[in-house]
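Each chain is listed here by its residues.
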Protein chains: 2
Amino acid sequence: VRNDTVASAGEHALIERVRERAGAPPVWVTVGIGDDAAVVEPERGASIVVTTDTLVEGVHFRRDWTPAGAVGHKALAVSLSDLAAMGATPRASLLSLALPADLPLADFDALVEAFVALANRWGAPLVGGNLTRTTGPLVAGSTAFGSVRARRLMRRSGGRPGDEMYLTGAIGAAAAGLATLQAGVDRATLSGNEADAVQRYERPEARLRCGTGIARARAASACIDLSDGLADAVRQIAQASGTGAVVLADALPLHPAVRTWAEREHGDAARLAITGGEDYELLFAVRPRQRRAFLTAARRCSGLPLTLIGKLTAEPEVLLERNGTAEPLGAGFTHF
Amino acid sequence: VRNDTVASAGEHALIERVRERAGAPPVWVTVGIGDDAAVVEPERGASIVVTTDTLVEGVHFRRDWTPAGAVGHKALAVSLSDLAAMGATPRASLLSLALPADLPLADFDALVEAFVALANRWGAPLVGGNLTRTTGPLVAGSTAFGSVRARRLMRRSGGRPGDEMYLTGAIGAAAAGLATLQAGVDRATLSGNEADAVQRYERPEARLRCGTGIARARAASACIDLSDGLADAVRQIAQASGTGAVVLADALPLHPAVRTWAEREHGDAARLAITGGEDYELLFAVRPRQRRAFLTAARRCSGLPLTLIGKLTAEPEVLLERNGTAEPLGAGFTHF
């Protein structure tokens, strides 16, 4: 079986396999895979938005649980989510892999194919990257580039006291999906909601239509994605904007799988959903006088619901209000 | 001692340490470290050049041999070298780290400081990146962005039969430096040449002045950097250009430490220098009628010598000519 691993294929053959799967680049890519660097033409009048993320086997995924295609998809999706949060339109991507010698070539191919499929779907062709071996866990890194007109850029820091906070989709799906996998539940026996939660954990979708649509309408004062959970996102927006925040527990759109999970674990569903990471939803801050423009622009989110979950406040605390009392919102997922 | 590791510091504190060390970004950086993504203003009329590289502990360096500062320096230098080979001027950089929990905080700081020092020296401020933990070896990834006017861009594929090949600096230094470290020679007892070779292995200098200077003069038909050794570089230029090549062994500028090493190992100095990787010199192809313009532009290389080492040929073979006979040039360093 040595024939079937990345080590036996060799570096040049692996690069060739990536190049074949990436296909011909679009016109704005002057130099794609295979030179010292890639060359991309900037969009006239736009700023360049850049972000990078890394998935590490044993930390962000397990090779025995996670299909290689999910690793490739998610490696890029998390970076595209950062572009969405800035209001940027994707333009190009890079893939960087540190490969254990025993990684099956079929897994390498599946990882690259899923990355490329997502990249092409969002107009961010794979234009380069790096392959190296490692004696440790598989590491998959992505860099994504986007473009945005300066006046449409959404930062974390634009919020003001009184701004309303709106959230895309539902929260807790990824954490519930991970918990389902950790509980060792057979995938074939999952309920529809649980299967959807696992899908959202493994193959998150960056909210690009929503991010760019609302940026174009200039209807949000700040935006962040939920990579490290809602609690972290609210805290980051509040901190960057110099405000506090109140989140209304009753308003939170919990993914249905969170309730199943909370029942199984005798846990607090809202708390699990708030602190669980990796949902990759977007959180917007919106001035009250922009509410109408925001809700109109939200139609560009292609059916994705947007929920009012609370407000930024002049008081510096970041609170969760439920049953008439306020408690600290708490911290999010941390990587250390 | 748990207080002194990256695990005990926590993610937000580590990001804060990076931000402090990166300092205030220049005017073309609209958003630096600390938002979902960085935002950089493109240079008017220029293309964007992007490249990424990864150093893995146990593959590219050993933590017990290599000072953390050298890892940070080299992580960026290898990407800057790719920009140099395209003729691009650096504009911004990203640093991505997968950190073992036991990494001393002092090593983390030293790595970041060396990365930032090199980044600032070449006008490529650190604008973002990613930190994650790992259960395996330390992984340091860099992404570098540059800009170049389209007509000045140097690719690998522009060579033609009859073009002369010019090489910056001397080759074999990095391989001799690595061999010196591998032989366990005490650093304090190294000769000047050996110490220089170790320095070139650990802290290579991207040939940016030379790359951008010659690109500006439009004096080279093709260019590549020597990340995987001279043999690989010549083969890549020939292959991309649809030519063969002849390298003259007698003309090769060998680093003096290569001869010491060859004597110690009873090896073939030229062969060691040709196949040894990581020199990060530049190899140019130059039309004979451009020779004068090239040598004039080479004055911008700040004293770095340029040596004529051979020619591209119509015959497809890639050969080394020495003592009146031709032998295959051979393969370069491969990562698998």
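Position numbers for residues count from 1 along each chain, tracking the sequence in the order it is written. As a convention, the first chain written is A and the first ligand written is 1, with the rest following in written order. Where local features are concerned, this predicted model is filtered to residues with pLDDT of at least 70; where side-chain atom pairs are given and counted, the filter is 80 or more; whole-chain, interface and lining totals use all residues. To get the side-chain values, take all heavy atoms of the structure and skip hydrogens and water.

### Quick notes on unusual backbone geometry
Residues and elements named next belong to chain B.
- A positive phi angle, close to 50°, is found at R218, a residue other than glycine.
- Numbered from the N terminus, helices here are DSSP runs of H or I no shorter than four residues, and strands are runs of E no shorter than two. Among the secondary structure elements, R218 is positioned in the loop between α7 (208–216) and β8 (222–225).
- Overall, R218 belongs to the partly exposed group, its relative accessible area being 46%.
- Residue S302 is not a glycine yet carries a positive backbone phi of 55°.
- Topologically, S302 is positioned in the loop between α11 (291–297) and β11 (306–313).
- Only protein chains enter the area calculation, which uses a 1.4 Å probe; residues under 20% of their type maximum are buried, those over 50% are exposed, and those in between are partly exposed. Under the relative-accessibility criterion, S302 is labelled exposed at 51%.

### Some remarks on the state of the cysteines
Residues and elements named next belong to chain B.
- Cysteine sulfurs are considered disulfide-paired once they come within 2.5 Å of each other. For the coordinates displayed, the defined rule picks out two disulfides over all chains.
- With a sulfur-sulfur separation of 2.0 Å, C210 is cross-linked through a disulfide to C301. Taking the sign of the torsion about the S-S bond as the criterion, the disulfide between C210 and C301, at about 70°, is right-handed. Taken as a pair, C210 in helix α7 and C301 in the loop between α11 and β11 lie far apart in primary sequence, 91 residues in all. Side by side, C210 and C301 carry an identical accessibility label, which is buried.

### Things to note about the packing of helix α6 (residues 192–202) of chain B against helix α9 (residues 256–265) of chain B
All names here are of chain B.
- Here α6 crosses α9 at 105°, and the two axes come no closer than 8 Å. Here α9 runs roughly perpendicular to α6, going by the angle between their axes. Across the interface between the two elements, N193, E194 and A197 from α6 touch P256, A257, T260 and R264 from α9.
- Side-chain classes follow a simple rule in which Ala, Val, Leu, Ile, Met, Phe, Trp, Tyr, Cys and Pro form the nonpolar group, Asp, Glu, Lys and Arg form the charged group, and the remainder, Gly included, forms the polar group. A class-by-class count of the residues in the contact of α6 with α9 yields three nonpolar, two polar and two charged. Angles here are taken between N-to-C directions and fall from 0 to 180 degrees, while the axes themselves are lines fitted to C-alpha atoms, restricted in helices to the stretch in contact. For classification purposes, angles smaller than 35 degrees are called roughly parallel, those larger than 145 roughly antiparallel, those between 65 and 115 roughly perpendicular, and all remaining angles oblique. Throughout, a residue-residue contact means that at least one pair of heavy atoms, one from each residue, lies within 4.5 Å.

### Description of the interface of chain A and chain B
- Opposite the 62 residues of chain A that make contact, chain B presents 62 residues.
- Together, the buried faces of chain A and chain B total about 5,100 Å²; carbon and sulfur atoms form 59% of this surface.
- In what follows, salt bridge is the name for a side-chain nitrogen of Lys or Arg lying within 4 Å of a carboxyl oxygen of Asp or Glu. The tally of links between chain A and chain B comes to four salt bridges.
- With a shortest N-O distance of 3.6 Å, R156 of chain A and D35 of chain B are connected by a salt bridge.
- Whenever a nitrogen or oxygen atom comes within 3.5 Å of another N or O atom, the pair is scored as a polar contact, on the condition that within protein one atom can donate a hydrogen and the other can accept it, and that pairs from neighbouring residues in sequence are kept only if both atoms are in side chains. In this structure, the connection of chain A to chain B is made through 25 residue pairs in polar contact (both at pLDDT 80 or more).
- The biggest single contributor to the side of chain A that touches chain B is strand β3 (residues 47–56) of chain A, with nine residues.
- Among the residues making up the side of chain A that touches chain B, the classes are represented as 29 nonpolar, 20 polar and 13 charged.
- DSSP bridges decide pairing: two strands pair if at least two such bridges lie between them. Sheet topology note: the β3 of chain A/strand β2 (residues 38–40) of chain B ladder contains three bridges and is antiparallel. Bridging across to β2 of chain B, V49 of chain A finds its partner in V39 of chain B. Buried area: the accessible surface (1.4 Å probe) lost by two parts on joining, summed over both.

### Some points on the relation of the copies chain A and chain B
- In superposing the copies, a least-squares fit is computed on C-alpha atoms, taking residues whose pLDDT is at least 70 in both. When chain A is fitted to chain B, the residual RMSD is 0.0 Å, and the transformation amounts to a turn of 180° plus an axial shift of 0.0 Å. The superposition of one copy onto the other is thereby described by a two-fold rotation axis. Across chain A, the rotation axis passes nearest the C-alpha of G136 of chain A, at a separation of 2.4 Å.

### Quick notes on helix α2 (residues 11–22) of chain A
All names here are of chain A.
- A helix is expected to reach a length of 1.5 Å times the quantity of its residues less one. Taking 1.5 Å of rise per residue, twelve residues should cover 16 Å, and α2 covers 16 Å from first to last C-alpha, within 8% of that figure.
- Turning to α2, its buried residues are E11, L14, V18 and A22. Seen along its axis, α2 keeps its buried residues to an arc of 75°; they face one direction.
- The elements touched by buried residues of α2 are α1 (6–9), β4 (89–100), α4 (105–121) and β5 (126–134). Within this analysis, the arc is defined by the directions that extend from the helix axis to the C-beta atoms.

### Let's talk about the confidence of the model for chain A
- Each residue carries a pLDDT score, the predictor's confidence in it, ranging from 0 to 100. Looking at chain A, the pLDDT average stands at 94 and 97% of residues meet or exceed 70.
- Confidence metrics for the complex model read pTM 0.95 and ipTM 0.94.

### Thoughts on the pattern of salt bridges
- For the coordinates displayed, the defined rule picks out 44 salt bridges over all chains.
- A salt bridge links R19 of chain B to E16 of chain B; its shortest N-O distance comes to 3.3 Å. Of this pair, R19 of chain B and E16 of chain B both sit in helix α2 (residues 11–22), three residues apart, which is roughly one turn of the helix.
- Residue R21 of chain B is joined to E20 of chain B by a salt bridge in which the shortest nitrogen-to-oxygen separation is 3.8 Å.
- R21 of chain B gets classed as partly exposed once you look at its relative accessible area, which sits at 24%.
- Residues joined by salt bridges that share partners form a network here, namely R17, E20, R21, D109 and E113 of chain A.

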